[in-house]
Amino acid sequence: MVNQTKISIIGAGSVGAAIAYALMFKKVAAEMLLVDIDTARRDGEVLDMSDGAFYTGTKVKAGSYQEAGQTDIVVITAGVKQREGETRLQLLDRNRRILTSVIDSMKPLNPNLIIILVTNPCDIMTTFAQRVSGLPRSQVFGSGTFLDTQRLRKAVADRIQVSETAVHAYIIGEHGDSQVAAFSSATVGGMPLLDFPVEPRLTIDELSTMADQAKNKAYAIIKAKGATYFGIASVVASICESIVFNQQTIRPVSCYIDKYQTYVSMPCVLGSKGIERILELPLSDEEKAAFESSATKLRELSADTN
């Protein structure tokens, strides 16, 4: 049964529309607001999506930025698209200005509002969103490496012929080029991943190749079709579901870690208040060094563009 939660999607482009559609069919919200500076595109998406709403009971409406600021959850996808060959961090300055304008236009904000950042570069945009909004850090976080993690888990599951849900492996750090696959803590069926009985045996080199492919998959999709949106839509719908129904699920999202003084991805417990706990994974010395390097990079970039 649909509850009374209201969710706003800022940005009615391909990513925002896909997220809204995924939320609608998972019956996460009673009402969804689509908001976009391009009102014609926004209204068109609302009309189209409303044709499918009879199945779910979710009301899909066009809304303003100020209306969005008073809802329960805001998902921000607004920003310029990543160009072919462009890294997420190269998007930084262009999307920072857009993000600041969006959040300022939403004020005054519902003090219990939860903001989820999808706009890239995700970690740094999340840092800016928290600063501009003034909301607690537990209520502002990014989709982070959740999708990267799912891509890796699928590759591993296909290789060893088990369900994806049986693979417990995380990609942490930046949602981008310096992300880290935490294989030292990865398990399948309660046993270390590298010890899983499969022929030929898994090797760290093979796993590293899978991690690189997961990291670069977005670039391949962008080259082929111009944007990625189905995967991230599923991920964001899962995050919202965890919050709305207080599921206490563990997801690798971009969260603020005091130790590193930056937003960076690590597994978190998600519930009705947003991020309820951050779980710092046990890492090998090599993984720890790589994660610290990734966090340092993000902290410095956030400071340089403050």
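Right above here is the structure, for reference.
The paragraphs below set out a description of the structure included in this document. Here the structure is a predicted model, which is why all the values come from computation and not from measurement. (Residues numbered from 1 in each chain as written. Predicted model: local features only at pLDDT ≥ 70, side-chain atom pairs only at ≥ 80, totals over all residues. Heavy atoms only, no water.)

**Remarks on the state of the cysteines**
One covalent bond between the sulfur atoms of two cysteine residues makes up a disulfide.
Thinking step 1. In the structure shown here, the tally under the stated rule is zero disulfides.
Thinking step 2. Free of any disulfide, Cys122 has its nearest neighbouring cysteine sulfur in Cys255, separated by 11 Å. (Disulfide = S-S within 2.5 Å.)

**A few points about the sheet that holds strand β10 (residues 187–188)**
Thinking step 1. Read across the open sheet, the three strands follow the order β7-β10-β11; overall the sheet is antiparallel. Looking along the sheet, the strands with just one partner apiece sit at the ends: β7 (167–168) and β11 (191–192). (Pairing = 2+ DSSP bridges. Helix = DSSP H or I, 4+ residues; strand = E, 2+ residues; numbered from the N terminus.)

**Section: helix α1 (residues 14–25)**
Thinking step 1. Look at α1: 17 Å from first C-alpha to last across 12 residues, which is about the 16 Å you get at 1.5 Å a residue.
Thinking step 2. With nine of its 12 residues buried, α1 lies for the most part within the structure.
Thinking step 3. Among the residues of α1, those classed as buried are Val15, Gly16, Ala17, Ala18, Ile19, Ala20, Ala22, Leu23 and Met24.
Thinking step 4. Against β1 (6–10), β2 (31–35), α2 (39–50), β3 (59–62), β4 (73–76) and α8 (230–244) lie the buried residues of α1.
Thinking step 5. Directly beyond the C-terminal end of α1, a positive phi value near 55° is found at Lys27. (Expected span 1.5 Å × (residues − 1). Buried < 20%, exposed > 50% of the residue type's maximum accessible area, 1.4 Å probe, protein only. Contact = heavy atoms within 4.5 Å.)

**Structural notes on the packing of helix α6 (residues 146–160) against helix α7 (residues 204–225)**
Thinking step 1. Interhelical geometry of α6 versus α7 gives an angle of 130° and a closest axis separation of 9 Å. Between α6 and α7, the interaxial angle falls into the category oblique. For the pair α6 and α7, the crossing hand works out as right-handed. Of the residues in α7, those in contact with Asp148, Arg151, Leu152, Ala155, Val156 and Arg159 of α6 are Glu206, Leu207, Met210, Ala211, Ala214, Lys217, Ala218 and Ile221. (Axes fitted to C-alpha atoms, helices over the stretch in contact; angles between N-to-C directions. Parallel < 35°, antiparallel > 145°, perpendicular 65-115°, else oblique. Left-handed = near helix turned anticlockwise from the far one by under 90°.)

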